[in-house]
Amino acid sequence: MRTVTRVSLAALLLSLLAAHGPADAAGIVLDDFETGVSAWRTNDREAAGERPSEICGIFTVARQIEEGVEQAALIEFQRAEGTWASVSLPIDGTLWARQNVGQISMLVKGDGSEQTVDLTLRCLLGEERRDVSYVYRLPLDSDQWQRRAIRLFAFKDPDGNPPDAEAVRNAYLLQVAKTGQWPTLSLRVDEILAEPIPGAEERPPAEQPLSVRMSFDVHATQAPGLGPVLAQVGVNLGHDLGPVLDAPAPSAAMSRAVQQLAPSVVRLRLSDFYDARTGGYDLILLSRAVGWVTEAGAKALVCLTPARLEPADDRPARWDPDFEAAAQKVAALRRGGPHLRYYELFDSPLLRGRFESVEELVTAYNSLAAGVLAADPEARVGGPGLASAWDERVRAFLEGADTLHFLSLKLFGAHNVVATDRELIEAASSGATGELPDQISLEEVSRLAR
């Protein structure tokens, strides 16, 4: 068995975001206002997106330069209280990620007051595309034109966290906003750029692809009745994480390979983090690994599966009896933040002898799922990482599982060790192989899961 493809049937919505402005060597020109302000939109609580705001606005104005006059923008907020108002520009986070954007620079001229405005980066995160705002408070105390370069790490969400790689990739709006109560205030802006941090090391270009992405779109033509199944492939990170976390060159190469698979999932098994010296799981190392996955632009899928303990002190080999408590601790420690947490419950539980029957597996799955969701109600749980896609096992598990946000199982490309790479990829992409007639296809899995 040379190739195993992990398939997660999950509702992961992807948004296509409109870009504004071209990219050049210096960065991405968000707006220089030479063609006006038509790309911007105003809004407030009363307007609710149905009409332009009456308490804020954006207008073109002249900016004097040595060579003559250029167009800039004047943003005004009328006095208000108990409300909010914003001036917004659509942006393309995927382009920002490709251009390695690390800061927003602009020419700014305040009104000389002690007021501030909220320069806001809006991002859609997680499976449910939650709208998260990262805010930088821009002072208006200078009434002279100044070039301001604001690093993205200076923007913070409500919990004080800066935007990570996933947030930048999913950014869709840049806003100038006010909330609560404020007096009449204004600022002028021009030449707004999203650009790399000057002097930052650029990512080395890959001479050739480091990974190959397999598409499951073939089902749309081969099986029109398959429906909206998103089979997401990714990679597994094992127990030896030294090259990934601590060696710069291998870490950078792995990161680029994962980015070339985007959108993708990186799977981390809790059992790989078991430390026999301490008799527990290294949750600090797990947290570092999850952080690396997020920075690489992938979704971390933590597989909550117990460690197999070696015989010791006249005790035979056994599954870690404290596993469920450790799993709930992982969920509790990761609770909160801008990203949904995904947990796969178990890994090949019937093949490895963890359970003797599907019924026993279902009971354990429901218990563990309830514990994880009690520790983190916003988490997404699924599984059970079945080692084989046999009809009766899939059907029995689906009928018994109480909470199942996604289904995970393994599809084998071939049992023949001389199968070519092309045969393996075709089998994985189609979700079926002639060598394993009892293995159900992705189409059949989809129908069972509905």
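For the structure, check the block above.
Residues numbered from 1 in each chain as written. Predicted model: local features only at pLDDT ≥ 70, side-chain atom pairs only at ≥ 80, totals over all residues. Heavy atoms only, no water.

*Asks:* Go over unusual backbone geometry with me, naming the residues and quoting the values.
*Replies:* In most cases, non-glycine residues show a negative phi, while peptide bonds are predominantly trans. The omega torsion of the bond from Gly 383 to Pro 384 falls at 0°, within 30 degrees of zero and hence cis. Positive phi values are uncommon outside glycine, yet Asn 100 reaches one of about 55°. Here Asn 100 is to be found in the loop between α1 (93-98) and β8 (103-109). Residue Asn 100 is classed as partly exposed on the basis of its relative accessible area, which comes to 26%. Phi is positive for Phe 346, which is not a glycine, with a value near 85°. Note on placement: Phe 346 falls in the loop between β22 (342-345) and α8 (358-375). (Helix = DSSP H or I, 4+ residues; strand = E, 2+ residues; numbered from the N terminus. Buried < 20%, exposed > 50% of the residue type's maximum accessible area, 1.4 Å probe, protein only.)

*Asks:* So, helix α9 (residues 391-400): which residues are in play, and what are the values?
*Replies:* Of all the positions in α9, only Val 394, Phe 397 and Leu 398 are classed as buried. Down the axis, α9 shows its buried residues gathered within 100° of arc, on one side only. In α9, the exposed positions that point more than 90 degrees away from the buried face belong to Glu 392 and Glu 399. (Arc of directions from axis to C-beta.)

*Asks:* Describe the pattern of salt bridges, with residues and values.
*Replies:* Enumeration according to the criterion identifies 15 salt bridges in this entry. For Glu 378, the salt bridge identified is with Arg 130, shortest N-O distance 3.9 Å. Of this pair, Glu 378 sits in the loop between α8 and β23 (380-386) while Arg 130 sits in strand β10 (residues 130-139); the two residues are 248 residues apart in sequence, bridging distant segments of the chain. Classification of Glu 378 as partly exposed rests on a relative accessible area of 40%. With a relative accessible area of 19%, Arg 130 lands in the buried category. Where Asp 272 meets Arg 269, a salt bridge forms, and the shortest distance between an N and an O atom there is 3.2 Å. We classify Arg 269 as partly exposed; its relative accessible area is 23%. By sharing partners, the salt bridges in this structure join Arg 63, Glu 70, Arg 147, Asp 190 and Glu 191 into a single network. (Salt bridge = Lys/Arg side-chain N within 4 Å of Asp/Glu carboxyl O.)

*Asks:* Would you mind going over the pairing of strand β6 (residues 68-77) in detail, with residue names and values included?
*Replies:* Summarising the sheet, strand β5 (residues 56-65) and β6 pair through 10 bridges and their orientation is antiparallel. Its bridge partner lying in β6, Phe 59 is registered against Leu 74. Turn length for the β5-β6 hairpin, with the two strands adjacent in sequence and antiparallel, is 2 residues. Across 5 bridges, β6 lies against strand β13 (residues 185-195) in antiparallel orientation. Across the sheet, the residue bridging to Phe 77 is Leu 185, located in β13. (Pairing = 2+ DSSP bridges.)

*Asks:* A description of the sheet that holds strand β9 (residues 116-125) should follow, citing residues and the corresponding values.
*Replies:* Within the open sheet, the 5 strands sit side by side as β4-β7-β12-β9-β10. Their pairing is antiparallel. For this open sheet the edge positions go to β4 (41-44) and β10, each flanked by a neighbour on one side alone. When the angles between neighbouring strand axes are averaged without regard to direction, this sheet yields 25°. (Axes fitted to C-alpha atoms, helices over the stretch in contact; angles between N-to-C directions.)

*Asks:* Pulling in residues and values, what's your account of the side chain of Asp 118?
*Replies:* Looking at the secondary structure, you find Asp 118 in strand β9. Overall, Asp 118 belongs to the buried group, its relative accessible area being 9%.

*Asks:* Describe helix α7 (residues 323-334), listing the residues and the values that go with them.
*Replies:* Taking 1.5 Å per residue as the helical rise, α7 with its 12 residues ought to reach 16 Å, and the 17 Å between its terminal C-alpha atoms agrees with that figure. Within α7, burial applies to Phe 323, Ala 326, Ala 327, Val 330, Ala 331 and Arg 334. Relative to the axis of α7, the buried residues are bounded by an arc of 140° and lie together on one face. Looking at α7, the residues exposed on the side facing more than 90 degrees away from the buried face are Ala 325, Lys 329 and Leu 333. Here the buried face of α7 lies against β18 (280-281), α6 (283-295), β19 (299-304), β22 and α8. One or two positions beyond α7, positive phi appears at Gly 336, with a value near 90°. (Expected span 1.5 Å × (residues − 1). Contact = heavy atoms within 4.5 Å.)

*Asks:* Would you mind going over the environment of Val 87 in detail, with residue names and values included?
*Replies:* Looking at the element boundaries, Val 87 is found in strand β7 (residues 80-90). Val 87 gets classed as buried once you look at its relative accessible area, which sits at 0%. Through-space distance from the C-alpha of Val 87 to that of Glu 76 is 9.3 Å; in sequence the pair is 11 residues apart. Excluding residues that lie within four positions of it along the chain, Val 87 makes contacts with Trp 40, Arg 41, Thr 42, Cys 56, Gly 57, Ile 58, Ile 75, Phe 77, Leu 174, Gln 175 and Val 176.

*Asks:* Lay out the packing of aromatic side chains with the relevant residues and their values.
*Replies:* Throughout the structure, instances matching the rule amount to 8 aromatic pairs. A centroid spacing of 6.3 Å and a plane angle of 85° characterise the contact between Phe 77 and Trp 182, whose relative ring orientation is edge-to-face. Here Phe 77, found in strand β6, pairs with Trp 182, found in strand β12 (residues 171-182); they are 105 residues apart in sequence, far enough to count as distant. Each of the two residues, Phe 77 as well as Trp 182, counts as buried. Seen from their ring centres, Tyr 365 and Phe 397 are 5.1 Å apart, and the 80° between their planes marks the pair as edge-to-face. Separated by 32 residues along the polypeptide, Tyr 365 in helix α8 and Phe 397 in helix α9 bring together distant segments of the chain. Every member of this aromatic cluster is reached through a ring pair, and the members are Phe 323, Phe 346 and Phe 355. A cation over an aromatic ring shows up here: Arg 63 above the ring of Trp 145, its NZ or CZ 5.5 Å from the ring centre. (Phe/Tyr/Trp six-rings, centres within 6.5 Å; stacked < 30°, edge-to-face > 60°. Lys NZ or Arg CZ within 6 Å of the ring centre and 35° of its normal.)

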